[in-house]
Amino acid sequence: MTSELILKIDQIDVFYSDFHALWEVSLEIKKGEIVSIIGANGSGKSTLMYAIAGINSPANGSIEFCGERINDLEAHQSVNRGIALVPEGRRMFPRLTVRENLLIGAYSPRSRKNIEKNIKKVHDLFPLLEERGDQKSNTLSGGEQQMLAIGRALMSEPSLLLCDELSLGLAPVVIKDIYKRLHVINEEGITIVLVEQDVKRSLKIADRAYVMLEGKIALEGIASELGEEQVKKAYFGM
Amino acid sequence: MESLIQPVINGILLGGLYAIIALGLTTMFGIVKLVNLAHGDLMVLSSYLSLVVITQLGINPFWSMLMVIPIMFVIGFMLQKYLLNRVLGKEMEPPLLVAFGVSIIIQNLLLLVFSPDAQSLMTSISVKTIQLGNINLPILYLVNFFIGCSVVLFLRLFYNKTFLGRAIRAASDDEGAAQLMGVDTKNIFAIAMGIAMITAAIAGILIGMTFSFFPHTGAQYLIISFGVIIIGGLGSMKGALAGGIILAEAQLLGAHFTGPGYQLLIGYLVLLIVLAIRPQGLFGQAH
């Protein structure tokens, strides 16, 4: 594949005050790919997502999105460029209704024009969100909230969708359902980065994968070619 | 029995004024989790601003709102954006201290510029009443009540129906997640303070027409605000209205039965009872 890069991360370091969380992490993501980032708790996966989404910024190195350097963009600016993050733990706005949660997803100028069209798209993808439109979002089940979190992110018309631990705390049948929708989203041309602890499932859906260990990239490759042993070793640092 | 009707009605009307006095404090607490100790002083600052406008232009206090409201919005916006936002974070104390500092500065500034003399905003309706049988309805109190209710209603509509209002609610639910939706939360907090100051401007002018004020009156209204939002529930609009009416009723009925000397005491006894029975307030959410 020689298609265009949508995201190019070059040797970034990220610190939480004194703690060195990411060590010279580099990674490249092509337009239209599904890339999976695997790693144990504390391996730096979420930190990497936060750096891309603009929640924290790297001390050095560079992050390029569609050829432009976005190191210093703040989260709300990154959204307007087309990067949406579905955060770990879903992070609903509990006092807002399901529909209002979706509307907030379209807050940035880039997506204000097509709100009704995008809501319809999200409703087609997750019909349940239309039925439950007037309910407060905290009355939804975990799986439904995850659907809402994805739908809300899609409302901003992202070209890059970052998903942090989608399957956390959900029943296998629900996870399967959500992963199926990810395919549909990807087929519409949205590039997806999946952060997961569930190695098998995420390798199955991804085109390529990175394995992270202690803030570094330990392994990368075409998902279908990565052997189970190889991934296990990189995952646990054996 | 008949003698009770007058204080009950007065209490309801005064409650509307109490509601708008507390509205800015409850707004800031609900959205930014900021206890704005300068709220009372900012209200009194509005009273003085109105006084200046009235004496310079020779207009009615109501018309002075047209100038005082935008000025106070800008003051609130700047105060939050350039001062309070810098100290907002995980801890409660720094913003509290900064707000307290702002309070002291405003009080002393007012003292310096306007002297400690009592002032009031005179209008033609200050002393007029409507007579209904045995009951007197002071027109000014009716106006206060009507404006208080309208502002509560208007703000509710604004929060529920507009993009900006929803963004404000989202930012107050989960600041980090709101940023991920493209909401510039720091800016939203500044706008919230601006809105709080709009209510403070209106409250300040109504207070100025109803009672006399001097540079140190702010503390008194801050305490009323706290009473109202503790009874009504922190961060709740409905709560501000209900809390305002309950506190005012307690004070006026207390005065009716035990004499004006006990008016404030009875008000705060009711507050203590509410705290004991329902610590989160009538419309507050338990944490």
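Please refer to the structure placed before this passage.
So, about the packing of helix α9 (residues 218–232) of chain B against helix α11 (residues 263–277) of chain B. Residue and element names in this part refer to chain B. In the contact formed by α9 and α11, the axes pass within 9 Å of each other and the chain directions differ by 35°. Considering only the axes of α9 and α11, their crossing is left-handed. Packed against α9, whose contacting residues are I223, I224, G227, I230 and I231, the element α11 presents Y268, L271, V274 and L275 at the interface. Taken together, the residues of the contact of α9 with α11 sort by class into eight nonpolar, one polar and no charged.

Let us now look at a nonpolar patch on the surface. All names here are of chain B. On the surface, Y262, L265, L269, L272 and L275 cluster together into a nonpolar patch covering about 470 Å² of accessible area. Relative to the helices and strands, L269 resides in helix α11. Judged by its relative accessible area of 41%, L269 falls in the partly exposed class.

Attention now moves to the layout of surface pockets. In this structure, the largest pocket occupies an estimated 990 Å³ of space. Contributing to the lining of the largest pocket are 32 residues, with R95 of chain A together with L234, G235, S236 and Q285 of chain B lying nearest its centre. Taken together, the elements giving at least two residues each to the lining of the largest pocket come down to α1 (2–32), α5 (139–161), α6 (163–173), α9 and α10 (237–258) of chain B. Element by element, the count of residues in the lining of the largest pocket is highest for α1 of chain B, at five residues. There is about 350 Å³ of room inside the second largest pocket. Around the second largest pocket sit 19 residues that line it, and V32, K33, L88, G89 and E175 of chain B are the ones nearest its centre. Only α1, α4 (93–114), α6 and α8 (185–210) of chain B provide two or more residues apiece to the lining of the second largest pocket. By residue number, the principal contributor to the lining of the second largest pocket is α6 of chain B, which donates three residues.

In this section: the pairing of strand β2 (residues 19–30) of chain A. Residue and element names in this part refer to chain A. Relative to β2, strand β1 (residues 5–16) runs antiparallel, the two being bridged by eight bridges. Paired with K8 across the strands is E28, a residue of β2. Hairpin geometry of β1 and β2 is characterised by an intervening segment of two residues between the two adjacent antiparallel strands and by a positive phi of about 40° at S17.

Quick look at the sheet that holds strand β4 (residues 60–65) of chain A now. Residues and elements named next belong to chain A. In space, the four strands of this open sheet follow the order β2-β1-β4-β5, with antiparallel pairing throughout. Looking at strand neighbours, the two that pair on one side only are β2 and β5 (68–69), the edges of this open sheet. Sheet topology places β1 next to β4; five bridges connect them, and they run antiparallel. The residue of β4 that forms the bridge with D10 is S62. Seen against the sheet, helix α1 (residues 45–53) touches β1, β2 and β4 and runs at an angle of roughly 115° to β1.

What follows concerns the packing of helix α3 (residues 61–87) of chain B against α8 of chain B. Residue and element names in this part refer to chain B. The geometry of α3 relative to α8 is characterised by a closest axis approach of 7 Å and an angle of 145° between their N-to-C directions. By crossing handedness, the relation of α3 to α8 is classed as right-handed. Grouping the constituent residues of the contact of α3 with α8 by class yields 22 nonpolar, six polar and two charged.

So, about the sheet that holds strand β8 (residues 191–196) of chain A. Residues and elements named next belong to chain A. Read across the sheet, six strands follow the order β6-β7-β8-β3-β9-β10 without closing on themselves; strand pairing throughout is mixed. Looking at the sheet topology across the chains shown, the edges are occupied by β6 (83–86) and β10 (216–222). Looking at each pair of strands side by side, their axes are set apart by 15° on average, direction ignored. The pairing of strand β3 (residues 34–39) with strand β9 (residues 208–213) spans five bridges and is classified as parallel. Following the sheet pairing, S36 is matched in β9 by A209.

Take Y107 of chain A: it is sitting in the loop between α3 (98–105) and α4 (115–125). A relative accessible area of 14% means that Y107 of chain A is categorised as buried. Put simply, Y107 of chain A and V79 of chain A are 28 residues apart on the chain and 9.4 Å apart in space, counted from C-alpha to C-alpha. Leaving out residues up to four positions away in the same chain, Y107 of chain A has contacts with R112 of chain A together with F163, L164, A167, M181, G182, V183 and I188 of chain B.

About the criteria used
Residues numbered from 1 in each chain as written. Chains lettered and ligands numbered in written order. Predicted model: local features only at pLDDT ≥ 70, side-chain atom pairs only at ≥ 80, totals over all residues. Heavy atoms only, no water. Axes fitted to C-alpha atoms, helices over the stretch in contact; angles between N-to-C directions. Helix = DSSP H or I, 4+ residues; strand = E, 2+ residues; numbered from the N terminus. Left-handed = near helix turned anticlockwise from the far one by under 90°. Contact = heavy atoms within 4.5 Å. Nonpolar A, V, L, I, M, F, W, Y, C, P; charged D, E, K, R; others polar. Patch = residues over 30% accessible without salt bridge, like charges linked within 9 Å, V, L, I, M, F, W, Y side chains within 5 Å. Areas by Shrake-Rupley, 256 points an atom, 1.4 Å probe, with all protein chains shown as cover. Salt bridge = Lys/Arg side-chain N within 4 Å of Asp/Glu carboxyl O. Buried < 20%, exposed > 50% of the residue type's maximum accessible area, 1.4 Å probe, protein only. 1 Å grid on protein atoms, 1.4 Å probe; cavity = no way out; pocket = protein on both sides within 12 Å on 5 of 7 lines; lining within 4 Å. Points joined across faces, edges and corners; volume = space filled by probe spheres on them. Pairing = 2+ DSSP bridges.

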